[in-house]
Amino acid sequence: MEILNILLSTQTPLLPHVGWVGVYRVLGWGLVLAGIALWCLRRSGNLPAWQRGLPLLLLLWCLWPGPLSPAYWLGLAFRVPSLLLVLLSAWFLLSHYRPQLLMPLPLTDLRRWALAPVLLGWVLLLDAFALWPFSLYSLGFAPLTFGVLVLLCLLPWSWHGVAQPSILLVSVLTLFVLLRLPTGNVWDALLDPWLWLLLQADWLQRRLRRAQG
Amino acid sequence: MSRLSFSWLHRSAARRCWAGLVLCLLLTAVECWLRAPEPLAPKAAWPSGTEAVTGPLVLQAAGRIPMPADAPAAHASTLLAMPPGHPAALQAYWFAGSRESGPDVQIAASEFDRTTQQWTPATYVVNRHRAAAVLGFGLRRLGNPVAWRDGQGRTHLFVVATGLGGWAAGRILHLRQDAPQQAFHPLGVLPLSWLWNTSHLVRAMPLPLADGGMVLPAYFELGIKYPVALRFDAAGEFRGMMRMSQRGDLLQPTLLPRSETEWVGLLRDNRAQRQLRAVISHDAGRNWDDLPDLDMPNPDASVAGLSLRPGLMYLAHNPRAESRAQLVLSRSSDALHWTQLEMLAQGDGRSEFSYPSMAWVDGGLWISYTEERRGIAWQRFMPLPTAR
């Protein structure tokens, strides 16, 4: 009974240290912006040598302290990106700049499981406006929610033998356990509104392409 | 990502399931192990020295709290009782600047000195630029400070700090002062919502708990408006949140304990009906139920409640639905039925006396409130000694 109480308790949230959050914010937004820049550049074709350094410059710009940094203003508006978005960005960047270290992002495998975070985002959005009879966000502080999420994140591997999505998601949850980033709430580690919008935009784009033949 | 070489594990679905289960149990065990122990069941606490209050309260002193220089606007004060032996009887915090939500608004503070029986000159204690420099991200506007002393005698400030969007897109910034005369340093923004953590605000005083912690009433304000109760332990650590109502038009809750575990929340009404609204918890804030309207007009304005002991509660509120031109003090034994005692302030229809705060200090009831959005007024009531 006591174990169940511990697992269900939302009264023992462990928040990250403010210093860690500060480092994570600049690094996280830097990686996300660099990832977006690289994605935009790659869409325009082969990268000239001078363009290859642009994402890195964006990352360094975010590390600049104070209001001159984009991370300062992104933090004002959107606080911090999720661990998942940051890891996806880091994977994308590393696999481009160091292809011998990392294989490219397994987009096909990831897209196969994208419906789950899209639905989760809708549920969390409605929860923010109190449209559910209970507070789902608050459950993100409970160890049981964390445990269930680990199991669900392992499903692609244990059920279908597809390892990469599970490795990515369990890495997010492991980092969350150790560092509590970004807020101490597991929902914020797994999904942020920008990633949620991105997943939907990607789904919409693929549907439109398919419709156009 | 490097290709996995654990082929013996990878090949069998049963092995993968078992490995996944073990990994899940391991990570969940680490998650549980790292956490603080479950806090004790919350129990409300009351101010000490209130047993002698049996007769009526009489006004003993009143005035205005000094304003900072070059700050023509002031609003949303909060009072903090200081312990016996402290040079100040109580401290007041409010926001001041050129106008509400102005870019120059800062959190101002003053304290009532026990020796001189005067308020000290106001000083600014929270500046958005300095706080942003520490936090590493911008803060657009500041407002609505709420102060609390933790079990170690440190002062905590909870301040609304806006990001992108207007006032309704605010967040709750948590700051702490570790010793008198030290600066308040930002501890971070409370994590209360998935949607970029927007639209949780504070206004009313916390409900003190017997374990040295407190429950901070807060509310969501973006479109739908609903109250939440945030729990903090004696060290000032965040210990979770609980939604207080299923309705979508309630904000700025103030908490009144009727017993250790039975608490009433009184709320500002955002509907056209303009009534004071109420919610109740019978289990110390774990579950809340909506109550019928109290049949007390309220002009969509903040109220302040203070419970001195079970069966004796005071409420400072605006009693007219159409304006904030009157501010009164009422008394109740159950937090639901109120008797008007005193007219604290009144003016013509355009006047505003609003956003009260209360504290019980040195055997007297202190009330502060916004006066015409230009200053913070205060009044002190003392109980009449009972005839022997």
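Residues numbered from 1 in each chain as written. Chains lettered and ligands numbered in written order. Predicted model: local features only at pLDDT ≥ 70, side-chain atom pairs only at ≥ 80, totals over all residues. Heavy atoms only, no water.

## Examining the overall build of chain B
Just so we agree on the cut-off: Helix numbers and strand numbers start at the N terminus; a helix is a DSSP run of H or I with at least 4 residues, a strand a run of E with at least 2. Classification of residues uses two cut-offs on accessible area relative to the type maximum, computed with a 1.4 Å probe and protein chains only: under 20% is buried, over 50% is exposed, and between them is partly exposed. By definition, residues are in contact when any of their heavy atoms lie within 4.5 Å. Only the protein chains shown count as cover for residues, and the accessible areas themselves come from Shrake-Rupley with a 1.4 Å probe.
Within chain B, the secondary structure is distributed over three helices and 25 strands. Its C-alpha atoms put chain B at 85 × 45 × 45 Å along the principal axes. Here chain B holds 388 residues, and 58% of them are scored as buried. For chain B, the share of sequence-separated contacts (at least 6 apart) that also reach a separation of at least 24 residues comes to 49%. As displayed, chain B has an accessible area near 15,200 Å², and 55% of this comes from carbon and sulfur atoms.

## Remarks on the overall build of chain A
Of the regular secondary structure elements, chain A holds 13 helices and zero strands. Going from the N terminus to the C terminus, chain A shows its helices and strands as α-α-α-α-α-α-α-α-α-α-α-α-α. Taking the principal axes of its C-alpha atoms as reference, chain A extends roughly 65 × 45 × 35 Å. Burial statistics for chain A: of 213 residues in total, 54% are counted as buried.

## Observations regarding a nonpolar patch on the surface
Residues and elements named next belong to chain A. Just so we agree on the cut-off: Each patch is built from salt-bridge-free residues with over 30% relative accessible area, joining like charges within 9 Å and nonpolar side chains (Val, Leu, Ile, Met, Phe, Trp, Tyr) within 5 Å. For salt bridges, the criterion is a side-chain nitrogen of Lys or Arg within 4 Å of an Asp or Glu carboxyl oxygen.
Together, Leu4, Leu8, Leu144, Val148, Leu152, Leu155 and Trp159 line one region of the surface with nonpolar side chains, adding up to about 640 Å² of accessible area. At the level of elements, α1 (2–8) and α10 (143–160) are the ones that each hand at least two residues to the nonpolar patch. Here the element with the most residues in the nonpolar patch is α10; it accounts for five residues. Mapped onto the fold, Trp159 is located in helix α10.

## Considerations on the environment of Val328 of chain B
Within the element layout of this structure, Val328 of chain B appears in strand β21 (residues 326–332). For the pair formed by Val328 of chain B and Gln346 of chain B, sequence separation is 18 residues and the distance between their alpha carbons is 8.6 Å.

## Looking at the confidence of the model for chain B
The line we're drawing: The quantity called pLDDT is the predictor's confidence in a given residue, expressed from 0 to 100.
Mean pLDDT over chain B works out to 93, with 97% of the residues at or above the 70 mark. Per the prediction output, this complex has pTM 0.93; the corresponding ipTM is 0.92.

## Looking at the sheet that holds strand β3 (residues 88–97) of chain B
All names here are of chain B. Defined as follows: Two strands make a pair as long as DSSP finds a minimum of two bridges between them. Fitted lines through C-alpha atoms serve as axes, helices being fitted only where they are in contact, and the angles separating the N-to-C directions of these axes extend from 0 to 180 degrees.
One open sheet holds the four strands; their spatial order is β2-β3-β4-β5, and the pairing between them is antiparallel. One side of each edge strand has no neighbouring strand; the edge strands of this open sheet are β2 (73–81) and β5 (123–126). Strand-to-strand, the axes of this sheet are offset by a mean angle of 35°, without reference to chain direction. Where strand β4 (residues 106–113) lies against β5, three bridges are found, and the strand directions are antiparallel. By the bridge assignment for β5, Ala109 is matched with Thr123.

## Remarks on the environment of Ala71 of chain A
You can see Ala71 of chain A is positioned in helix α5 (residues 70–78). In this structure, the C-alpha to C-alpha distance between Ala71 of chain A and Val26 of chain A, residues 45 residues apart in sequence, is 5.4 Å.

## Some remarks on the interface of chain A and chain B
To keep it simple, the criterion reads: When two components associate, each loses some accessible surface as probed by a 1.4 Å sphere; the sum of these losses over both components is called the buried area. Here a polar contact is recorded for every N or O atom pair within 3.5 Å, except that within protein the pair must consist of a potential hydrogen donor and a potential acceptor, and residues adjacent in sequence are included only if both atoms are side-chain atoms.
Tallying the contact residues gives 63 residues for chain A and 56 residues for chain B. Looking at the side of chain A facing chain B, the largest losses of area belong to Gln11, Leu76 and Trp157 of chain A, adding up to 13% of the total buried there. One can count two salt bridges joining chain A with chain B. In this structure, Arg243 of chain B and Asp127 of chain A form a salt bridge, with 3.2 Å as the shortest nitrogen-oxygen distance. For the pair chain A and chain B, the interface holds 18 residue pairs in polar contact (both at pLDDT 80 or more). The greatest single-element share of the side of chain A that touches chain B, amounting to ten residues, is contributed by α10 of chain A.

## Concerning the packing of helix α8 (residues 115–128) of chain A against helix α13 (residues 193–211) of chain A
All names here are of chain A. So the rule is basically this: For this classification, under 35 degrees means roughly parallel, over 145 means roughly antiparallel, 65 to 115 means roughly perpendicular, and everything else is oblique. Definitions for this section: a left-handed crossing has its near helix turned counterclockwise from the far helix by less than a right angle. A right-handed crossing has that turn clockwise.
Orientation of α8 relative to α13, taken along the N-to-C sense of each, is 130°, at an axis distance of 9 Å. As judged from the angle between their axes, α8 and α13 are oblique. By crossing handedness, the relation of α8 to α13 is classed as left-handed. Across the interface between the two elements, Pro117, Val118, Gly121, Trp122 and Leu125 of α8 pack against Trp196, Leu199 and Gln200 of α13.

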